[in-house]
Amino acid sequence: MALLLAASMGAFGVLAWRRWRLLRLARPEARFDQLGERFRRMMRMGVGQQRMSRYPLAGLAHKAIFFGFIVLLLRSLILFARGFVDAPGFGYWVFDSGTLLGNVYALVKDVYVVLVLAGVGVFAYMRLVARTRRLTLSAEGVLILVIIATMMIADVVYDAAGLALHHPGAGFSPWEPLGSLAAPAFAWMGDGAKAFAWHAGFWVHVSLVLGFLNLLPLSKHFHIITGLPNVFFQDLTPPGRLRPIADIEGKIERGETLGLRTLDDLTWKGVLDLYSCTECGRCTDHCPAAKTGKILSPKAITVDLRNHLYATGSSRGATKAVEGEGGGVTLEDIVPAVVNPEALWACTTCRACEQECPLNISYVDKIVDMRRHLVMERGENPASLNGAFQSMERAGNPYAAGAEDRLKWAEGLEVPVLSDLPEGAKDRVLFWVGCAPAYDARARGIARAMVKLLNHAKVDWCCLGAEECCTGDAARRAGNEFLFQAMATGNVETLKRYGVTKILTVCAHCFNSLGNEYPDFGGAFEVVHHTQFLAALVREGRLTPTHRVETSLVYHDACYLGRHNDVYDAPREVLRSVPGVTLVEAAASRDRGMCCGAGGAQMFKEEEHGTQRVSEARTIQLVQTGAKTIASACPFCMRMLTDAVAKQGDGAIAQMDVAEVLLKSIEGEIA
Ligand code: SF4
Ligand code: SF4
């Protein structure tokens, strides 16, 4: 036992040190704040296995194995000790066979042996029989299942043969149900054979435990060690916030890398993400790009990056060792050596992958970081984005429209513009119109409906008029951080100049950017989405929907409202307040809602090659509910869904913003 422990622990030490060294080579990142909150999340999401239940059967199977491993850890420690202590029932005295704790533990252990075997059976069925699409059929995955099952069976053999040898004819024991039930299978053997089986069960179990330990750093099962730390060190800032590149101008002047170019640009948390992926495929299973035949697979990005990390591990150690001596190894650029640029540009930044991942692995930050390098250093963005970039630079919006047209949406309406108000924004909520409602013919209806509702509720409001510029959201998601920072800084200056404190948006992207990202540029405003604002006005009785709007209606969750900002109930609350409306839900809704295909700057570029457009796939899901109206709460979603509905030629489906539905009930019609 001493030799076995020393050899396996020594080998594990070497393997773990290699992984630790790669972590140490990575860039620093501050993730040691809010330790209490981190611990709570780790207990809920990691130990509580919260996200596992999103796939009920696999979730139950994983919970059985996860908790089984925790319970059986003590069993393994007891067996290691029995290798040294000449007492068959030894269990650190309190867990000795026959003591109350020992009996209770033996029973719980047996229950979990059965549960672990059942869990292994479920995963074997999923991999080998059902061939579940999201799981990759690999020899490693099957080997691990065989090892776990053998460990469990060896444990039962050890108990059963031990009982048959030491307590022949003892009969069934409620404290050791598995061992006592299996003991008769050994009763016919001679003492020598019983002893052999007893020893075999023991050595097979302990050897497999130690062998399994050494397999961990070499396999996707490394998550058994890194999973809880990865959940603990998750990003606690709002999910919709991207990390700014600090001192971007200085970095450009100094010729430093912008974004993620090689493995050297990954932070230690990025490396921990790679270590922690279990290859469960839940991320890809819900990725709208993957669902519509694009070559993007978030799981593949992680697995390929991890393989690249391991393959270059030793040479990176050498680079470190000769640092400053003119030597070293040149790492390949991740794009295109590891990640296909087409996959990168197919991402809508919808966060469906991150929402599903049981290990809290992040994707959007890495994908946008890779885009940053491509755009700002190599100028390798899709050509279809050039127009939007140029327009944002020159005209302050991605629609190639002039600032003088910014108020065209409001023709015929009375609009208080800040530059005309001597007192500035004092006591007024600033209606941030956004570029789509300002320039997109269909989306203008949202801004007009909103203004009418504000006036109905007698809200003191104002807007920036021609001084409003794009928030820069699309530029940032497309990787043009330099342009985004310039736009954000300019907007913050304008807003501060007028003393703006509260901002109302009708666009989920503006809502996210202004609320979650502008604080990084000195713009800490109270930002509210129009569905939240309208829900509050209805609740307070300042808006009363009266006319019946006889329609069945399905609400489409905008990613930047739902998954990025946890706003799911407010739009539904507004819609439910409208008499006559029957609200139905799509099978994929709320945090599982499918993206409309506009996010991540997709709105302003050609969609990557696939079998279907994302917007069309989503529209089919919504139409399948049988609803007569699709309601949305973001002008980007409206544009994508309206186009997709028109393309399907289904004139029977109406497409309206939540504000338009409410206005219809208040005014009886939409002007
Ligand atoms: S953010 Fe959305 S589109 Fe991008 S990889 Fe994740 S699931 Fe796919
Ligand atoms: S990233 Fe997360 S969801 Fe995707 S395969 Fe890995 S563990 Fe599963």
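Report on the accompanying structure. Predicted model only: the values in this text are computed from it and were never measured.

### Considering the sheet that holds strand β4 (residues 526-529)
In space, the 4 strands of this open sheet follow the order β2-β1-β3-β4, with parallel pairing throughout. Looking at strand neighbours, the two that pair on one side only are β2 (461-462) and β4, the edges of this open sheet. Two elements, strand β1 (residues 429-432) and β2, share 2 bridges in a ladder whose sense is parallel. Bridge pairing in β2 places V429 opposite W461. Of the strands in this sheet, β1, β3 (502-505) and β4 are in contact with helix α26 (residues 530-539), which crosses β4 at around 80°.

### So, the sheet that holds strand β8 (residues 654-657)
Reading across the sheet, the 4 strands line up as β6-β5-β7-β8 and stay open at both edges, with parallel pairing between neighbours. Strand pairing shows two members of the sheet lacking a second neighbour, β6 (581-584) and β8, which therefore form its edges. Here the strands of the sheet are splayed against their neighbours by 35° on average, with no regard to which way each runs. In the sheet, strand β5 (residues 551-555) pairs with β6 via 4 bridges, with the strands oriented parallel. Considered in β6, the bridge of T551 is made with V581. Where helix α29 (residues 635-648) meets the sheet, it contacts β7 (629-632) and β8, and its direction lies at approximately 175° from that of β8. On top of the sheet, helix α30 (residues 658-667) reaches β5, β6, β7 and β8; it is set at about 90° to β8, its chief contact.

### Focus: the side chain of R351
Within the secondary structure layout, R351 lies in the loop between α17 (341-345) and α18 (352-356). A distance of 2.8 Å separates the side chain of R351 from the backbone oxygen of R563, its partner in a polar contact. With sequence-adjacent residues up to four places away left out, R351 is seen in contact with P239, V364, R563 and H564.

### Some words on the environment of A87
With respect to the helices and strands, A87 occurs in the loop between α3 (56-82) and α4 (100-129). Taking relative accessible area as the criterion, A87 reaches 29% and is therefore assigned partly exposed. Each C-alpha atom, one on A87 and one on A410, is 87 Å from the other, the two residues being 323 residues apart in sequence.

### Observations regarding the environment of A443
Looking at the element boundaries, A443 is found in the loop between α21 (435-439) and α22 (444-456). Owing to a relative accessible area of 1%, A443 belongs among the buried residues under this scheme. Each C-alpha atom, one on A443 and one on M640, is 11 Å from the other, the two residues being 197 residues apart in sequence. With near-sequence residues (within four places) excluded, A443 lies in contact with A436, P437, P635 and M638.

### Brief notes about the site of ligand 2
Near ligand 2 you find C277, T278, E279, C280, G281, R282, C283, K299, C357, P358, I361 and Y363, and these make up its full shell. Its residues placed into classes, the shell around ligand 2 shows 7 nonpolar, 2 polar and 3 charged.

### Examining the packing of aromatic side chains
Per the stated rule, a full pass over the model turns up 21 aromatic pairs. Summarising the aromatic geometry, the rings of F202 and W203 are spaced 4.9 Å apart at their centres and angled 85° between planes, so their arrangement reads as edge-to-face. Their ring planes at 80° and their centres at 6.1 Å tell us that W409 and F431 sit as a pair that is edge-to-face. Of this pair, W409 sits in the loop between α20 (386-395) and β1 while F431 sits in strand β1, and the two are 22 residues apart along the sequence.

### What about the pairing of β3?
Of the pairings in the sheet, the one linking β1 to β3 comprises 3 bridges and is parallel in character. For F431, the partnering residue across the bridge sits in β3 and is L504. Pairing of β3 with β4, which is carried by 4 bridges, proceeds in the parallel orientation. For K502, the partnering residue across the bridge sits in β4 and is E526.

How each quantity is defined
- Residues numbered from 1 in each chain as written.
- Chains lettered and ligands numbered in written order.
- Predicted model: local features only at pLDDT ≥ 70, side-chain atom pairs only at ≥ 80, totals over all residues.
- Heavy atoms only, no water.
- Pairing = 2+ DSSP bridges.
- Helix = DSSP H or I, 4+ residues; strand = E, 2+ residues; numbered from the N terminus.
- Contact = heavy atoms within 4.5 Å.
- Axes fitted to C-alpha atoms, helices over the stretch in contact; angles between N-to-C directions.
- Polar contact = N/O pair within 3.5 Å; in protein donor to acceptor, adjacent residues only side chain to side chain.
- Buried < 20%, exposed > 50% of the residue type's maximum accessible area, 1.4 Å probe, protein only.
- Near = heavy atom within 4 Å.
- Nonpolar A, V, L, I, M, F, W, Y, C, P; charged D, E, K, R; others polar.
- Phe/Tyr/Trp six-rings, centres within 6.5 Å; stacked < 30°, edge-to-face > 60°.

Limitation: the analysis is restricted to geometry and does not speak to function.
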